[in-house]
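As a plain string of letters, each chain reads:
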Amino acid sequence: MERETWMGQAVQIAFENVRDKVGGPFGALVVKDGQVVGRGRNEVTTSNDPTAHAEIQAIREACRHLETFQLNDCDLYTSCEPCPMCLGAIYWARPRNVYYACTKEDAAHVGFDDQFIYEQIVLPHEERSIPFQRIDLANKRSPFEAWSQSLDRIEY
């Protein structure tokens, strides 16, 4: 029953976001030990930030609150199956579980179709709708070399 309660809160955040004209119909929360440690709502259009998706906002708030960059002992509840960008952020944050209500197909039916991104990922760089071109510099590996030699680095 507890999972349904948390999911209900994520869906309520999404609903209120639409009602209050803050952004898209997406809400998320991060829960640790039975407590909400991060909330997020889609604020792409109000913040002019294409990365301001609900899951990323919730992850950011939870990490600030917990003073960590990994959410190993946390669960993420999101009103909709995460997009490719949020999926990447989720894997970097490493929550214990992800629970979602609506599917990516549900989102596509109201204009939030991420399928084109999945299709772009597998294309060779030169065939993508936004071309990716490598610029080969002599010192291109210097940041990686500095990282590998640093005694103060924090692995993640």
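Residues numbered from 1 in each chain as written. Predicted model: local features only at pLDDT ≥ 70, side-chain atom pairs only at ≥ 80, totals over all residues. Heavy atoms only, no water.

What to know about the packing of aromatic side chains
So, point 1. Under the defined criterion, the tally for this structure stands at five aromatic pairs.
So, point 2. On the numbers, 6.1 Å between centres and 75 degrees between planes, the contact of Phe-69 with Tyr-156 is edge-to-face. Placement of Phe-69 in the loop between helix 3 (54–66) and strand 3 (74–80) and of Tyr-156 in the segment after helix 7 (142–149) is noted, with a sequence separation of 87 residues between them.
So, point 3. In this structure Tyr-156 comes out as exposed when scored by relative accessible area, which is 60%.
So, point 4. Every member of this aromatic cluster is reached through a ring pair, and the members are Phe-69, Trp-92, Trp-147 and Tyr-156.
So, point 5. The positively charged end of Lys-104 is found above the aromatic ring belonging to Tyr-118, 4.5 Å away from the centroid. (Phe/Tyr/Trp six-rings, centres within 6.5 Å; stacked < 30°, edge-to-face > 60°. Helix = DSSP H or I, 4+ residues; strand = E, 2+ residues; numbered from the N terminus. Buried < 20%, exposed > 50% of the residue type's maximum accessible area, 1.4 Å probe, protein only. Lys NZ or Arg CZ within 6 Å of the ring centre and 35° of its normal.)

Describing the nonpolar core
So, point 1. Counting 16 residues, the largest nonpolar core has Ala-28, Val-30, Ala-58, Ile-59, Ala-62, Leu-71 and Leu-76 as the members making the most contacts within it.
So, point 2. Taken together, the elements giving at least two residues each to this core come down to strand 1 (27–32), helix 3, strand 3 and helix 4 (84–93).
So, point 3. Ignoring sequence-local partners within four residues, the contact set of Ile-59 consists of Val-30, Leu-71, Ala-89, Ile-90 and Ala-93. (Core = buried A, V, L, I, M, F, W, Y, C linked by side-chain atoms within 4.5 Å. Contact = heavy atoms within 4.5 Å.)

Some words on the side chain of Asn-42
So, point 1. Mapped onto the elements, Asn-42 comes out in the loop between strand 2 (35–41) and helix 2 (44–47).
So, point 2. A distance of 3.0 Å separates a polar side-chain atom of Asn-42 from the backbone nitrogen of Gly-24.
So, point 3. Residues contacting Asn-42, with those up to four places away along its chain left out, are Asn-17, Val-22, Gly-23, Gly-24, Phe-26, Ala-52, His-53 and Ala-54. (Polar contact = N/O pair within 3.5 Å; in protein donor to acceptor, adjacent residues only side chain to side chain.)

Considerations on the sheet that holds strand 4 (residues 97–102)
So, point 1. Spatial strand order, 2-1-3-4: four strands in an open sheet with mixed pairing. Lying at the two open borders of the sheet, with one neighbouring strand each, are strand 2 and strand 4. Sheet twist, expressed as the mean angle between neighbouring strand axes with direction ignored, is 15 degrees.
So, point 2. Bridge analysis of strand 3 against strand 4 gives five bridges, and the strand direction is parallel. Note on strand 4: the bridge partner recorded for Tyr-77 is Tyr-99.
So, point 3. With respect to the sheet, helix 3 is in contact with strand 1, strand 2 and strand 3, its orientation differing from that of strand 2 by roughly 140 degrees. (Pairing = 2+ DSSP bridges. Axes fitted to C-alpha atoms, helices over the stretch in contact; angles between N-to-C directions.)

Overview of the pairing of strand 2
So, point 1. Summarising the sheet, strand 1 and strand 2 pair through six bridges and their orientation is antiparallel. Paired with Gly-27 across the two strands is Arg-41, which belongs to strand 2.
So, point 2. Hairpin connection from strand 1 to strand 2: two residues lie between these consecutive antiparallel strands, with Asp-33 at a positive phi of about 50 degrees.

What about unusual backbone geometry?
So, point 1. Residues other than glycine seldom take positive phi values, yet Lys-21 does so here, at roughly 60 degrees.
So, point 2. Note on Lys-21: relative accessible area 73%, which makes it exposed.
So, point 3. Even without a glycine there, the phi angle at Asp-33 is positive, about 50 degrees.
So, point 4. Tracing the chain through its elements places Asp-33 in the loop between strand 1 and strand 2.
So, point 5. What makes Asp-33 exposed here is its relative accessible area of 65%.

Quick word on the pattern of salt bridges
So, point 1. All told, the structure shown has six salt bridges when counted by the stated rule.
So, point 2. For the salt bridge of Asp-20 with Arg-19, the shortest nitrogen-to-oxygen distance reads 2.9 Å.
So, point 3. The exposure class assigned to Arg-19 is partly exposed, which follows from its relative accessible area of 48%.
So, point 4. Between Asp-136 and Lys-140 there is a salt bridge, with its nearest N and O atoms 2.3 Å apart.
So, point 5. What you see here is one network of salt bridges that share partners, running through Arg-134, Asp-136 and Lys-140. (Salt bridge = Lys/Arg side-chain N within 4 Å of Asp/Glu carboxyl O.)

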